[in-house]
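The residues making up each chain are set out below.
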Amino acid sequence: MSGLPRSGSTLLAAILKQNPAVSHASYITPVAPMMVKMTSLMVEGEYQTEFDMESRNRILRGVLLNYYGIAQQPSSPAAQQPSSPAAQQPSSPAAHNHR
């Protein structure tokens, strides 16, 4: 959590830490300034044409998820379903006979 001096960030962090759903709340973190600098590089100067909105969001989300060690959930329902047992078993040797 990042905040200005005397902005109540210490009190807010203490309140957030009481909630078990909050994975990380601290007083000083390097993430916010780092994300500001990364965003600046992606939207200004010679690199701005290399990053569209989707790629910027994906990069910044990756920074947050990886810094705080948050596991990202698969986005599609197909990615969440295990493959069928038939797909996991090797095919029979007879299927490879081409006589």
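Above: the structure in question.
Residues numbered from 1 in each chain as written. Predicted model: local features only at pLDDT ≥ 70, side-chain atom pairs only at ≥ 80, totals over all residues. Heavy atoms only, no water.

**Some remarks on the packing of helix H2 (residues 31-43) against helix H3 (residues 53-67)**
Selection rule: Between N-to-C directions, angles cover 0 to 180 degrees, with each direction set by a line fitted to C-alpha atoms, over the stretch in contact for helices. Comment: elements are numbered from the N terminus, with helices defined as DSSP H or I runs of at least four residues and strands as E runs of at least two. Here roughly perpendicular refers to angles of 65 to 115 degrees, roughly parallel to angles under 35, roughly antiparallel to angles over 145, and oblique to all remaining angles. Should the near helix be turned anticlockwise from the far one by less than a right angle, the crossing is left-handed, and should it be turned clockwise, the crossing is right-handed. Whether two residues touch is decided by their heavy atoms; if any such pair falls within 4.5 Å, the residues are in contact. In the scheme used here, Gly and all other residues not listed as nonpolar or charged are polar, with Ala, Val, Leu, Ile, Met, Phe, Trp, Tyr, Cys and Pro taken as nonpolar and Asp, Glu, Lys and Arg as charged.
Where H2 meets H3, the closest approach of the two axes is 11 Å, and the angle between their N-to-C directions is 160°. Here H2 is positioned roughly antiparallel relative to H3, judged by the angle of their axes. The handedness of the crossing between H2 and H3 is right-handed. Contacts between H2 and H3 involve Val 31, Met 34, Met 35, Met 38, Thr 39, Met 42 and Val 43 from the former and Arg 56, Ile 59, Leu 60, Val 63, Leu 64 and Tyr 67 from the latter. Residue composition of the contact of H2 with H3, by class: 11 nonpolar, 1 polar and 1 charged.

**Structural notes on the pattern of salt bridges**
The criterion, for reference: The rule for a salt bridge is simple: a side-chain nitrogen of Lys or Arg has to be within 4 Å of a carboxyl oxygen of Asp or Glu. Relative accessibility thresholds used throughout: buried, under 20% of the residue-type maximum; exposed, over 50%; partly exposed, between the two (1.4 Å probe, protein chains only).
As enumerated under the stated definition, the model contains 1 salt bridge in all. For Arg 58, the salt bridge goes to Glu 54, with nearest N and O atoms at 3.6 Å. Here Arg 58 and its partner Glu 54 are both found in helix H3, 4 residues apart, which amounts to about one turn of the helix. Residue class for Arg 58 comes out partly exposed when judged on its relative accessible area of 49%. Given the relative accessible area of 57%, Glu 54 is considered exposed.

**Some words on the packing of aromatic side chains**
Put simply, the test is: In summary, the pairing rule links any two rings of Phe, Tyr or Trp, Trp by its six-membered ring, whose centres are within 6.5 Å, and it sorts them by plane angle into stacked for under 30 degrees, edge-to-face for over 60 and tilted for everything else.
Under the definition given, this model contains 1 aromatic pair. Arranged with centres 4.8 Å apart and planes meeting at 85°, the rings of Tyr 67 and Tyr 68 form a pair that is edge-to-face.

**Section: the nonpolar core**
Put simply, the test is: Here the nonpolar core consists of buried residues drawn from Ala, Val, Leu, Ile, Met, Phe, Trp, Tyr and Cys, with membership extended through side-chain atoms lying within 4.5 Å.
Counting 5 residues, the largest nonpolar core is built from Val 31, Met 35, Met 42, Leu 60 and Val 63. Listed by contribution, the elements that provide at least two residues to this core are H2 and H3. If you tally residues by element for this core, the top one is H2, at 3 residues. The contacts of Leu 60, once residues within four sequence positions are left out, are Met 35, Met 38, Thr 39 and Met 42.

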